[in-house]
Amino acid sequence: MSVFSEINSALEPLKIPIETGVFSEEPPDEYIVIVPLSDTFDLFADNSPEVDICEVRLSIYSRHNYLKLKRAVEKLLMKSDFTITDRRYVEFEKETRYHHYAIDAAKFYMAEEVV
């Protein structure tokens with residue numbers, strides 16, 4: 001299973017659109033865009049990686065109070081064993097009237113599952 005499919009599954013209860021890279025349709029009042037940040041190997045033993053870490057940024061866009069959605073995303077990610085590595089308010093986009101909030105999340109996979 002990929003980090004993207006795991007995020008989509010974890011956030012399914014929110015019932016809001018989620019896309020990777022860029023939102024391609026007419027955006028609704030709330031949506032999420034997932035952007036890959038990094039893929040790293042870690043915890044080496046005998047010159048082989050033990051852990052594969054996949055990190056992504058979830059950009060949350062909301063024309064309402066973004067705090068309720070932010071908290072729900074955080075709760076669902078942590079419940080699905082994601083590690084939240086950063087979170088921050090990015091800006092209020094005056095032209096589109098969206099609040100933009102970013103959550104960076106990482107998932108750790110055993111390297112033998114990937115390699």
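Because the structure is predicted, anything quoted here is derived from the model rather than measured.

**Focus on the pattern of salt bridges**
The final tally for this structure, using the stated rule, is seven salt bridges. One salt bridge in this structure joins aspartate 29 and arginine 63, with 3.7 Å as the shortest N-O distance. Taken together, the residues span a long stretch of sequence, with aspartate 29 in the loop between β1 (18–20) and β2 (30–45) and arginine 63 in the loop between β3 (48–62) and α2 (66–79) at a distance of 34 residues. The residue lysine 70 makes a salt bridge to glutamate 74 at a minimum N-O spacing of 3.1 Å. You can see lysine 70 and its partner glutamate 74 sitting in helix α2, four residues apart, about one turn around the helix. Taken together, the salt bridges that share partners define one network made up of Lys70, Glu74 and Arg87.

**Here we look at the packing of aromatic side chains**
Taken as a whole and assessed by the stated rule, the structure comprises six aromatic pairs. Relative to tyrosine 98, the ring of tyrosine 61 lies with its centre 6.2 Å away and its plane at 85°, an arrangement referred to as edge-to-face. Pair noted here: tyrosine 61 is in strand β3 and tyrosine 98 is in strand β5 (residues 98–110), with a separation of 37 residues, a long-range link. In terms of burial, tyrosine 61 and tyrosine 98 fall into one category: buried. Their ring planes at 45° and their centres at 5.1 Å tell us that tyrosine 66 and tyrosine 89 sit as a pair that is tilted. Of this pair, tyrosine 66 sits in helix α2 while tyrosine 89 sits in strand β4 (residues 83–93), and the two are 23 residues apart along the sequence. Since its relative accessible area comes to 18%, tyrosine 66 is described here as buried. Taking the relative accessible area as the measure of exposure, tyrosine 89 reaches 34% and is therefore partly exposed. The structure contains a cluster of three or more aromatic residues connected by ring pairs, namely Phe23, Tyr31, Tyr61 and Tyr98. Note that lysine 107 overlies the ring of phenylalanine 82, its terminal NZ or CZ placed 4.7 Å from the centroid.

**Details of the environment of alanine 106**
Mapped onto the elements, alanine 106 comes out in strand β5. In this structure the C-alpha to C-alpha distance between alanine 106 and leucine 77, which are 29 residues apart in sequence, comes to 9.6 Å. Sequence-distant contacts of alanine 106, that is, excluding residues within four places in its chain, are made with Ile53, Cys54, Glu55, Phe82, Thr83 and Thr85.

Definitions and limits used
- Residues numbered from 1 in each chain as written.
- Predicted model: local features only at pLDDT ≥ 70, side-chain atom pairs only at ≥ 80, totals over all residues.
- Heavy atoms only, no water.
- Salt bridge = Lys/Arg side-chain N within 4 Å of Asp/Glu carboxyl O.
- Helix = DSSP H or I, 4+ residues; strand = E, 2+ residues; numbered from the N terminus.
- Phe/Tyr/Trp six-rings, centres within 6.5 Å; stacked < 30°, edge-to-face > 60°.
- Buried < 20%, exposed > 50% of the residue type's maximum accessible area, 1.4 Å probe, protein only.
- Lys NZ or Arg CZ within 6 Å of the ring centre and 35° of its normal.
- Contact = heavy atoms within 4.5 Å.

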